[in-house]
Amino acid sequence: SQSAQAHALFLEICPEQHRAAVAQALTDNIQAKNASTSGFMGTMCLLQALSQNGKDDVAYALLMNRNLGGWIYLLEHCDATTFPENYDGSSSQNHAFLGSAPGLWLYKYLVGISPALPGYKKIRIRPYIPDALSYANAQIETLYGLVSASWEKTGDGIRLTVSVPANTTATVEYNGQTRELLSGQHTLMLS
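Being a predicted model, the structure only gives us computed values, none of them experimental.

Novice: Teacher, can you tell me more about the pattern of salt bridges here?
Specialist: Pairing between side chains of opposite charge can happen when the charged atoms of each approach one another. Throughout the structure, instances matching the rule amount to five salt bridges. For arginine 66, the salt bridge goes to glutamate 76, with nearest N and O atoms at 2.9 Å. Taken as a pair, arginine 66 in the loop between helix H4 (56-63) and helix H5 (71-78) and glutamate 76 in helix H5 lie far apart in primary sequence, ten residues in all. Taking the relative accessible area as the measure of exposure, arginine 66 reaches 47% and is therefore partly exposed. Across the pair arginine 124 and glutamate 173 runs a salt bridge whose closest N-O atoms are separated by 3.3 Å. With a gap of 49 residues between them, arginine 124 in strand S2 (residues 122-125) and glutamate 173 in strand S6 (residues 169-174) connect regions that are remote in the sequence. Judged by relative accessible area, which is 26%, glutamate 173 ranks as partly exposed.

What counts, and where the lines are drawn
Residues numbered from 1 in each chain as written. Predicted model: local features only at pLDDT ≥ 70, side-chain atom pairs only at ≥ 80, totals over all residues. Heavy atoms only, no water. Salt bridge = Lys/Arg side-chain N within 4 Å of Asp/Glu carboxyl O. Helix = DSSP H or I, 4+ residues; strand = E, 2+ residues; numbered from the N terminus. Buried < 20%, exposed > 50% of the residue type's maximum accessible area, 1.4 Å probe, protein only.

Written out as structure tokens, the structure reads:
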């Protein structure tokens, strides 16, 4: 099932030698069904499991899915302003634990803000930049202060702006390149 595969990957209980095969099986299942079938427990780790295993594009496509079983479907067809129990919107309408999965993915993978050390003492910025979007931004208040990141496609490439709080550092990872940043405001051009 999608849930079993996502859990095995996300919780890192899948042996390393099988991770690629399990990630591919999960991808194949999602693409064959064109939907999430993970249920509420699997939903919490589905998008992250995909991105942690090099399948950002699959996670993004699942997130943007306009068909039954997709999060955009809930907005467009069910007028959902909270996350319902069922994808068709036919049952109880407020299951916040399910709705946090897409929101978390947007921060952690689309914009790319995540802690590299507990409490964001060291920050990791690793954005996923899909063809269909021209910009994204997010910010999170940490124990050390506000961390923000935004990326925008320009005629020269991709402009990434990062704010790193005092007494912290950040690592920017994109296309196999790594840049270390000290605290302060930074603007980088990515290629």
